[in-house]
Amino acid sequence: MPKFRKKPVEIEAVQFAGGNSVQVAQFITEGGGSFRADTHPRNGARDVFYIHTLEGEMRAVDGDWIIRGVQGEFYPCKPDIFAATYEPVDA
């Protein structure tokens, strides 16, 4: 069976840390994306972002990474998947 490797690609991302809702909102809107925000159903103090993605609306909670992809699209990514897939780029 042939094997394939994912091409290296640089993305921009910000981790949603609960207290940085304004930064996350700016990251998405300044990049041309859209979302709606709500409070977590079990804890009114925690925000939840519902990001409009190419696949429909996706939910992002505290700890998730918000990624701007290569075509300018936005989507959330769980921290363990992010760590397994991405590494910092040296400036």
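Since this is a predicted model, take the numbers as computed values, not measurements.

### Structural notes on helix H1 (residues 21-30)
Logical step 1: Along H1, the residues classified as buried are Ser 21, Val 24, Ala 25, Phe 27 and Ile 28. For H1, the buried positions fall inside an angular range of 160 degrees around the axis, keeping them on one side. Turned more than 90 degrees from where H1 packs its buried face, Val 22 and Glu 30 sit exposed.
Logical step 2: Remark: Gly 32 follows H1 within two positions and exhibits a positive phi of approximately 90 degrees.

### Quick word on the pattern of salt bridges
Oppositely charged side chains can form a pair if their charged atoms are brought close together.
Logical step 1: If you walk through the whole model with that rule in mind, you get 3 salt bridges.
Logical step 2: A salt bridge links Glu 12 to Arg 68, with the shortest nitrogen-to-oxygen separation between them at 2.2 Å. With Glu 12 in strand E1 (residues 12-15) and Arg 68 in strand E5 (residues 65-68), the pair connects residues that are 56 residues apart, well separated along the chain.
Logical step 3: With a shortest N-O distance of 3.1 Å, Glu 57 and Arg 36 are connected by a salt bridge. A residue pair is termed long-range when its members are at least 10 positions apart, and Glu 57 in strand E4 (residues 56-60) and Arg 36 in strand E2 (residues 35-40) qualify at 21 residues.
Logical step 4: Classification of Glu 57 by relative accessible area gives partly exposed; the value is 41%.
Logical step 5: The exposure class of Arg 36 is partly exposed, given its relative accessible area of 39%.

### Thoughts on the sheet that holds strand E6 (residues 74-77)
Logical step 1: The strand order across the open sheet formed by 3 strands is E1-E5-E6, and the pairing between neighbours is antiparallel. Both edges of this open sheet fall to E1 and E6, since each of them pairs with a single strand only. Within the sheet, the average angular offset between the axes of one strand and its neighbour, ignoring direction, is 25 degrees.

### So, the pairing of E5
Logical step 1: Sheet topology places E1 next to E5; 4 bridges connect them, and they run antiparallel. Paired with Val 14 across the two strands is Ile 66, which belongs to E5.
Logical step 2: Looking at chain direction, E5 and E6 are connected through 4 bridges and run antiparallel. Paired with Ile 67 across the bridge in E6 is Tyr 75.
Logical step 3: The loop that links E5 with its antiparallel partner E6 comprises 5 residues; one of these, Gly 72, has a positive phi angle of about 85 degrees.

Calculation notes
- Once a new chain begins, its residue numbering starts again from 1 and follows that chain's sequence as written.
- Only residues with pLDDT of 70 or above have their local features reported here, since the model is predicted, and side-chain atom pairs are shown and tallied only from 80 upward, although totals for entire chains, interfaces and linings are computed over all residues.
- To get the side-chain values, all heavy atoms of the structure are used, and hydrogens and water are removed first.
- Accessibility here uses a 1.4 Å probe with only protein chains present; expressed as a share of the type maximum, an area under 20% marks a residue as buried, one over 50% as exposed, and anything in between as partly exposed.
- Helix numbering and strand numbering both begin at the N terminus, where a helix is a DSSP run of H or I of at least 4 residues and a strand a DSSP run of E of at least 2.
- The arc in question is traced by the directions running from the helix axis to the C-beta atoms.
- The salt bridge criterion pairs a side-chain nitrogen of Lys or Arg with a carboxyl oxygen of Asp or Glu, the two atoms within 4 Å.
- By the convention used here, strands pair only if DSSP detects at least 2 bridges between them.
- Axis definition: a line fitted to C-alpha atoms, over the contacting stretch in the case of helices. Angles run 0 to 180 degrees between N-to-C directions.

Keep in mind these values describe shape, not function.
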